[in-house]
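Summary of structural features
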Amino acid sequence: MPEWFSYNTYPYCEIIPVAANFVAAESHIARALILDLISIGKGAELLGIPVHTVRRLADSGILRSHHTEGGHRRFRRGELRDDYRAYDPEWEPRATFDAVYPLNGLAEDAVWRELDQAVNLSGNARRIAGYTVTEMVNNAIDHSEGTEVRVTSRDGDRITVSIADDGVGVFENMRRKLDLPDLFASIQELSKGRRTTDPSRHSGEGIFFSSKAVPRFSIEANGLIWTVDNDLDDIAVGTSDVQGTRVRLDLERDTDLTLRELFGRFTDDDGAFTRSRPVVKLFELGTEFISRSEAKRLTAGLERFTEVELDFRGVDVVGQGFVDEVFRVWAGENPGTALLPTRMNDAVEFMVRRGLPR
């Protein structure tokens, strides 16, 4: 038996001989499956119903269950939620944590200590949760101009944490203080990173890195919602009726991603935040970018970075004026910043290559 294996750690694993290069993958899958097994009591807590109801529904075959070698009944969270939702279509996961805090004098680490006990994560998942939650609560404290923040968590397929304040709204706050033309420009600036309304106290990195750290991240404010879906490698902008600002974080229970790896994607050898990845299609409601004014909005503030990846995914057409402003005029004025166009269709790539300085 390999040295890494322990029956105490993996008590319900079936031992299957595998090639050496598959051992790490098999052990990771086994760990994820075991972490997902919960007792009937925990299952009742998850669904918000009595234990005897869970037992009755399991006995009747409505809820799938599994048995350990010792004969104990166990449930998988995902199966349990799916089965009960099929039984009761109006059911929604109950909040496992729900607290309202006055913003005056609030310390974000105090909020995390309380939430930490409720979400019960460990390892990389816990460190990522702690980072993202404290960053978002700190934003509410320092920038929202509100009076309170409500923090909730719900135990679904993943743990969803919501952080909602009653302030002016993050997009309007940025538009006003940075003198931006509209609310969409605020989303544009947030997607770049290193942009803040209070540079003397903040680096502008918290929202940027938080949006990359979790599988799904969203901010709702001022009639808009900006969603970053890292599972699908996509972003979206839609409408919302939230008052103030609400941030939602989908948290993994187990992940191989480390904060060091995350930061390393966008920092240099000295740890300085030097790389950014704006998504071009986000900046206008459409897929065509023709004008120099659109180019100027895109490049505003990018001189803060040494390397910028311009992701043209979803962009159908770019005009000569747009390309010339970005890749000749702006690039010539900012030689310390390298522009890296990626994921272009054939038409966009033709225009970009044609417009590059020779």
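Residues numbered from 1 in each chain as written. Predicted model: local features only at pLDDT ≥ 70, side-chain atom pairs only at ≥ 80, totals over all residues. Heavy atoms only, no water.

1. Examining the nonpolar core
With 50 residues, the main nonpolar core has Val-151, Ile-163, Phe-171, Phe-217 and Trp-226 as its most contacted residues. The element best represented in this core is helix α6 (residues 123-143), accounting for eight residues. The residues contacting Phe-217, other than those within four sequence positions of it, are Met-136, Ile-207, Ser-210, Ser-211, Trp-226, Thr-227, Val-228, Val-247, Arg-248 and Leu-249. If you look at the next biggest cluster of nonpolar residues, it comprises 19 residues, including Phe-289, Phe-322, Val-326 and Val-348. (Core = buried A, V, L, I, M, F, W, Y, C linked by side-chain atoms within 4.5 Å. Buried < 20%, exposed > 50% of the residue type's maximum accessible area, 1.4 Å probe, protein only. Helix = DSSP H or I, 4+ residues; strand = E, 2+ residues; numbered from the N terminus. Contact = heavy atoms within 4.5 Å.)

2. Digging into the environment of Asp-83
You can see Asp-83 is positioned in helix α4 (residues 77-87). The sequence separation of Asp-83 and Arg-64 amounts to 19 residues, and the corresponding C-alpha distance is 7.3 Å. With residues near it in sequence (within four places) discarded, Asp-83 still touches Ile-62, Leu-63 and Arg-64. Here the side chain of Asp-83 touches Arg-64 through a polar contact of 2.9 Å, landing on its backbone nitrogen. (Polar contact = N/O pair within 3.5 Å; in protein donor to acceptor, adjacent residues only side chain to side chain.)

3. Focus on the sheet that holds strand β7 (residues 216-221)
One open sheet accounts for seven strands, arranged β4-β5-β6-β10-β7-β8-β9; its pairing is antiparallel. Every interior strand has two partners, whereas the edge strands, β4 (95-102) and β9 (234-239), have only one. Between one strand axis and the next, the sheet turns through 10 degrees on average, direction left out of account. Where β7 meets strand β10 (residues 245-251), six bridges bridge the pair, whose relative direction is antiparallel. Along β10, the bridge assignment pairs Glu-220 with Arg-246. Strand contacts of helix α5 (residues 108-119): β4, β5 (148-155) and β6 (159-165), with the helix running at about 170 degrees to β4, the strand carrying the most contacts. (Pairing = 2+ DSSP bridges. Axes fitted to C-alpha atoms, helices over the stretch in contact; angles between N-to-C directions.)

4. Topic: the environment of Ile-225
Relative to the helices and strands, Ile-225 is located in strand β8 (residues 224-229). Residue classification places Ile-225 among the buried residues on the basis of a relative accessible area of 18%. With 38 residues separating them along the chain, Ile-225 and Ile-187 place their C-alpha atoms 9.3 Å apart. Once residues within four sequence positions are removed from consideration, Ile-225 is found in contact with Ser-218, Ile-219, Glu-220, Ala-236, Val-237, Gly-238, Thr-239 and Ser-240.

5. A closer look at the packing of aromatic side chains
In the structure shown here, the tally under the stated rule is seven aromatic pairs. Plain terms: the ring middles of Tyr-131 and Phe-263 are 5.5 Å apart, the flat faces sit at 70 degrees to each other, and that makes the pair edge-to-face. Taken as a pair, Tyr-131 in helix α6 and Phe-263 in helix α10 (residues 259-264) lie far apart in primary sequence, 132 residues in all. On the basis of relative accessible area, Phe-263 is assigned to the partly exposed category, the value being 26%. For the pair Phe-217 and Trp-226, a centre-to-centre distance of 6.2 Å together with 75 degrees between the ring planes defines the contact as edge-to-face. (Phe/Tyr/Trp six-rings, centres within 6.5 Å; stacked < 30°, edge-to-face > 60°.)

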